[in-house]
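# Report on the structure
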Amino acid sequence: MQSTMGEVAATVEPLAAVKSKSMRSRKRRQRRRRQIAYLAICGLSVAIFGFALATLIRPTTAQADADPGSWRKGYVGHGTTHEQLGQPHWPPVEYTVYRPTTNYTKAPPPPTSAMNPIFNFTHFLYDKVLYRDEPIPEGYIVVKNSDTLSLGPKVEENDWRDLLAHYWMVLIWVFILVVLIIVIPFIAVCYCCFCCCRRCRQGCPPCTSKQDAQRRFCCGICLLILIIGLIFGIIIAFVTNKMIDSGFAETSETMKRGSEDTCTYLKDVADHVYHLMMYNYEEMETHVLDQLTHAHRHIFLDLSDTSESNSLAEMERVLENMPEALELMRQVEKMEKDLRFYGSQLRDGVRGIKRDVNFAVANLCQLQMCQKFLISSNIEHIDSSQCLHFDNLPNTKEFVEGMENIVANEYYAIPQRGLSRLKKVSDKVKTQLSFVVPPMMRDLTKGRTIFREQATSVRNIVEGVLSDIHLKTLHSTKSFEDVYERFGHDRNVVSLIVCLLILLVLFILIFALLCGCFGRRRTGYGDECCSKSTGATCLLLAILLIFCVFSFIALVGLFYFMLGMVTYQGACAPLRDQENNTLFRQLDASIDLNHYLPPSETNKEAVQPLKMSSAIRACHANQTIFEMMRQHNIYDINDLSRIKVMSHSQDNTDSIKVFDEDLSTVVLLTKEERDELNTAGESKLAKYHSSLYMPSLCTQFTPMNLNALSEQLYKLSNDLEYPAYGWAKVSFWNEGLNTKAFYRNFVPKLTSIVEKMKANLKKIDELISYENHDFTNTIKILTATAVNSEQFIQTRGKDYINTLGGNLTKSIDQMIDDYIDMIIKEANESVGHCAPLSYIYYRGVDLICHRIVDPINGFWVGILLCALLFLPILFVAHRLMCLYKKIYPYLATVGAAGVVEGGCPICTGAPYVPPPIVTCSGGQQAYCGCPSGAPTRGDGGEDAIQADEARAVSWDEIEVTLKKSDRDLSASKSKTD
């Protein structure tokens, strides 16, 4: 029934389908012509490029071939592979870098920085104002043991004449202070004896109350400012006195820390020198001994590499791997059969699908979408994939037979015999080098002894120099210990008394100022406790106390000033001006360097002593200890370059012959063995290479994905109408099912087989191929290379071995020279930087100058500041005391409101006229008008007249009383005078 329907459909095929097929065939022919033309142009371009490249390369190749000194064609140097990769012929030594583990002690926290402005002021005073080019006169600072400062005999005798004559500004300053110290006690006696403390003009308090208030305010402000200055001075005195005690107390601790840090520094320098001259030498010695021990092996391997006798090893590898390759090839043979079987089934299946779809489109579905599906799905070429055609696969069975033949004939023994003959050459090289290597090893052992002696000598010199520097530093830290021994206990007591006296005066002044500002004024009728009267009493007490203690405080300040100036000029100034300061040149400690030189150099010219100033400058520049020793001719590390470890002369290395055996009779492959290898290369395995399989081993079995094609067939079936195209609908649906079934049953299996075959073939190539050649070319190339290697060994082998031996000697000499250069560079740049030594030295200087001398100068600044502030305080306190003592009586205050004319009755003596009394409503009387709107009671009658007469009598009595009090007051003043 189906065939009948197909014949009917063929007879009614439309003319449009015929035309479309002819047009498609014409377009395909045009596309093929364009592709052929494109390929022809590409081929011509490649040919032209290859010709040009060959023309450019030939001259270079010819030039390389013409090089008479090359050992191997196309290779530089000695013809080894590792040289072409940029690796040195004999690898250099890798030295271990020294890692210091030093930990210096931590310095105590620095003194308070709040006093730095005061210290800077004293530095400015001594360095700029009182600066002289000449040092202080002799007798004030003496040198003990050439490195320790102490106070001189003139200080003990209090003989300051020469010092004051040397510094004229100090003379003026001391003269002023001495005058004040002498004059102030006389002023105090006069102040007390003539009752100046009680001579305060009373004046007229009611009239001058406003002016008095202004004077009290101004004087109070002045006293407050002076009190603030006094507080500032007492703070300076207390803090610097505490710093002086701490500075003297930390002397022993600082010396202990300096000793520990110096020992740490010496240990670090010694360890670094030992690391360079012993540990690094041992590394170099071990490396060179290893190279000498295996020199024969290294030379033999280089000979094998340059002569390409390694081809025997490659040939052995290929032939020994043949059994393993045989097993893999048998697996490939089995997989090839499976591939052909399953591939043919898939190919037949997709051909059936193509046939049925073409029939359905041609006979069952004449719609446009069916024609379009046939064109777009490319189903016409579904069976044309190369992956489904295995006609080009090689015959694996022949390869298996060829491998079995090679394994059965045991061809792997041929290269093994060649390698055993080549090993005899290695034995000869080892025998000859056994006469050359032992002397070189003995030289290296002697070199270790030489550098051990150098390390010991350097460590002794460095330790001696640094120890002497440290001793000078420690002695310098003991400077001015006699200051503490002489004034230590008494100084602390006196300083504490001075500070307490100033503090007492300060408290009295503060209390007096508070009472004067916030207390009640004097009225003469029972003044309160904290009134202005109390403030006046406190001010009087402060004045008397200042008169008592001023000379003592100023004298102590003057003593500290002279002591601070002397110690500063002796300890701090020389360190700030080392070049121009004569005192520093006198104290510049010397180090006897001849004491630390090796005994072998005692006959040489004596070395100039090393000054401490030079050491300090070197430490400022952060030089190394070796640079400092070289500059002062103590020890020159550069002399190590003169040491010769190897006994042979480096100039005669080219004439050294390490090998003199005859290699002209060396045979690697006999003629019979070469014939056997040629036979193996021409066996059935000759043409094998995995590239023969690869064109057919692909996984794209169909031009399209079969799963996608099945979905398209399902869609096409669903789009057709039923029952008009019922048979076509069923046919497309069935072909979709068939397509999916073929994909599921064959495609994954075929893909797995192809991947396994590729893996096996790749492994076989690695086992039996050389440089990706097929088997016959592999055997031919390796055989020819072995023959050439044999000729090289016979003709040039002896010269090559001697060249490598001479190169070994040169490389060892170069390693030793590099080692010595490394020591010199490290010693000059990294060993023993002076920064730690400078840190230790200046920490001792910090103890002397910054922790003792500066606080002494700061103490006299605070003490003399307070003493000088006492002078204006005396004047201001006296003025303020008089203002606080004024009496402001209540009646005088009330009466002041009634003065109308004639002036104040107290000041002028004029009669007092009371104001009219105004009687207000409610019985109130006042000297003011009644409140607004209040009726007055001015017209009184007889009672008012009697009251006025009585008030007149009372005011007369008051006036008489006031005059009497004025007479009594004037009488008392005259009596006092």
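The model shown is predicted, which means the values in this text are computed figures rather than measured ones.

Helix and strand content of the protein: 29 helices and 6 strands. By the burial criterion, 44% of the 977 residues in the protein qualify as buried. As displayed, the protein offers around 52,400 Å² of accessible surface, 58% of which is attributable to carbon and sulfur atoms.

On inspection of all chains with the given rule, the structure shows 2 disulfides. Residue pairing for Cys-365: its cysteine sulfur links by disulfide to Cys-370, the two sulfurs lying 1.8 Å apart. Across the S-S bond of Cys-365 and Cys-370 the torsion is about 70 degrees, and the bridge reads as right-handed. There is a disulfide in this structure between Cys-387 and Cys-698, and the S-S distance comes to 1.6 Å. Between Cys-387 and Cys-698, the S-S dihedral sits near -125 degrees, and the bridge is therefore left-handed. Here the residue Cys-387 occupies a position in the loop between helix H13 (368–376) and helix H14 (396–409), and Cys-698 occupies one in the loop between helix H22 (671–681) and helix H23 (706–719), the gap between them amounting to 311 residues. This pair shows no difference in class: Cys-387 is buried, exactly as Cys-698 is.

Turning our attention to the packing of aromatic side chains. Scanning all chains against the criterion turns up 15 aromatic pairs. Relative to Tyr-342, the ring of Phe-341 lies with its centre 5.2 Å away and its plane at 70 degrees, an arrangement referred to as edge-to-face. Taking the relative accessible area as the measure of exposure, Phe-341 reaches 45% and is therefore partly exposed.

Attention shifts here to the pattern of salt bridges. The tally for this structure, following the rule as stated, stands at 20 salt bridges. The salt bridge partner of Glu-314 is Arg-317, with a shortest N-O separation of 3.1 Å. Remark: Arg-317 and Glu-314 occur in helix H11 (residues 310–320); sequence separation between them is 3 residues, near one turn of the helix. The exposure class of Glu-314 is partly exposed, given its relative accessible area of 27%. By relative accessible area, which is 26% here, Arg-317 ends up partly exposed. Salt bridges linked by common partners bring Glu-327, Arg-330 and Glu-404 together as one network.

Glancing now at unusual backbone geometry. Residues Tyr-722 and Pro-723 are joined by a peptide bond in cis, for which omega reads 10 degrees. Residue position: Pro-723 is located in the loop between H23 and helix H24 (726–768). Phi angles above zero are rare outside glycine, and Glu-308 is one such case at about 65 degrees. If you trace the backbone, Glu-308 turns up in the loop between helix H10 (295–307) and H11. Positioned with a positive phi, Glu-771 is a non-glycine residue whose angle comes to about 55 degrees. Within the element layout of this structure, Glu-771 appears in the loop between H24 and helix H25 (775–829).

Moving on: the UniProt feature "transmembrane region" (unreviewed entry) in the protein. Residues given the UniProt feature "transmembrane region" (unreviewed entry) here are residues 36–57, 167–196, 217–239, 493–518, 539–563 and 858–877. In residues 493–518, helix accounts for 100% and strand for 0%; the two terminal C-alpha atoms are 37 Å from one another. Helix makes up 100% of residues 539–563 and strand 0%, whereas the separation of the span's terminal C-alpha atoms amounts to 34 Å.

A few words now on the environment of Cys-849. Assignment of secondary structure puts Cys-849 in helix H26 (residues 835–884). Using a relative accessible area of 2% as the deciding quantity, one classes Cys-849 as buried. When the C-alpha positions of Cys-849 and Tyr-568 are compared, they lie 7.3 Å apart, and in sequence the two are 281 residues distant.

The next point concerns the packing of H13 against H23. Running from amino to carboxyl end, H13 crosses H23 at an angle of 175 degrees, the nearest separation of the two axes being 11 Å. If you check the angle between H13 and H23, you find them roughly antiparallel. Together, Met-369, Cys-370 and Phe-373 of H13 and Leu-709, Gln-712, Leu-713, Leu-716 and Asp-719 of H23 make up the contact between the two elements. Here the contact of H13 with H23 is composed, by residue class, of 6 nonpolar, 1 polar and 1 charged.

Within the element layout of this structure, Ser-551 appears in helix H18 (residues 532–576). Taking relative accessible area as the criterion, Ser-551 reaches 13% and is therefore assigned buried. Among the polar contacts made by the side chain of Ser-551, one reaches the main-chain carbonyl oxygen of Ile-181 at a distance of 2.8 Å. Beyond its immediate chain neighbours, meaning those up to four positions away, Ser-551 contacts Ile-181 and Pro-185.

Let us look at the confidence of the model for the protein. When pLDDT is averaged along the protein, the result is 74, and 66% of the positions lie at 70 or above. Under a pLDDT of 50 for its full length, residues 54–69 has, in the predicted model, 2 contacts with residues more than four places off or in other chains.

What follows covers the nonpolar core. Nonpolar side chains tend toward joint burial in soluble globular proteins. In this structure, Phe-626, Tyr-693, Phe-732 and Ile-768 are the most contacted members of the largest nonpolar core, which totals 128 residues. Counting residues per element, this core draws most heavily on H25, at 19 residues. Contacts of Ile-768, omitting those with residues within four sequence positions, involve Val-318, Asn-321, Met-322, Ala-325, Met-403, Leu-685, Tyr-688, Phe-775 and Thr-778. Counting residues in hydrophobic clusters, the runner-up holds 79 residues, among them Tyr-126, Ala-536, Met-565 and Ala-867.

Take the environment of Thr-739 next. By secondary structure assignment, the location of Thr-739 is in helix H24. Distance from Thr-739 to Glu-711, taken between C-alpha atoms, is 9.3 Å for residues 28 residues apart in sequence. In contact with Thr-739, not counting residues within four places along its chain, are Ile-353, Leu-706, Leu-709, Ser-710 and Leu-713.

Analysis parameters
- Residues numbered from 1 in each chain as written.
- Predicted model: local features only at pLDDT ≥ 70, side-chain atom pairs only at ≥ 80, totals over all residues.
- Heavy atoms only, no water.
- Helix = DSSP H or I, 4+ residues; strand = E, 2+ residues; numbered from the N terminus.
- Buried < 20%, exposed > 50% of the residue type's maximum accessible area, 1.4 Å probe, protein only.
- Areas by Shrake-Rupley, 256 points an atom, 1.4 Å probe, with all protein chains shown as cover.
- Disulfide = S-S within 2.5 Å.
- Phe/Tyr/Trp six-rings, centres within 6.5 Å; stacked < 30°, edge-to-face > 60°.
- Salt bridge = Lys/Arg side-chain N within 4 Å of Asp/Glu carboxyl O.
- UniProt positions renumbered as here; feature names shortened; annotations may be inferred.
- Axes fitted to C-alpha atoms, helices over the stretch in contact; angles between N-to-C directions.
- Parallel < 35°, antiparallel > 145°, perpendicular 65-115°, else oblique.
- Contact = heavy atoms within 4.5 Å.
- Nonpolar A, V, L, I, M, F, W, Y, C, P; charged D, E, K, R; others polar.
- Polar contact = N/O pair within 3.5 Å; in protein donor to acceptor, adjacent residues only side chain to side chain.
- pLDDT = per-residue confidence, 0-100.
- Core = buried A, V, L, I, M, F, W, Y, C linked by side-chain atoms within 4.5 Å.

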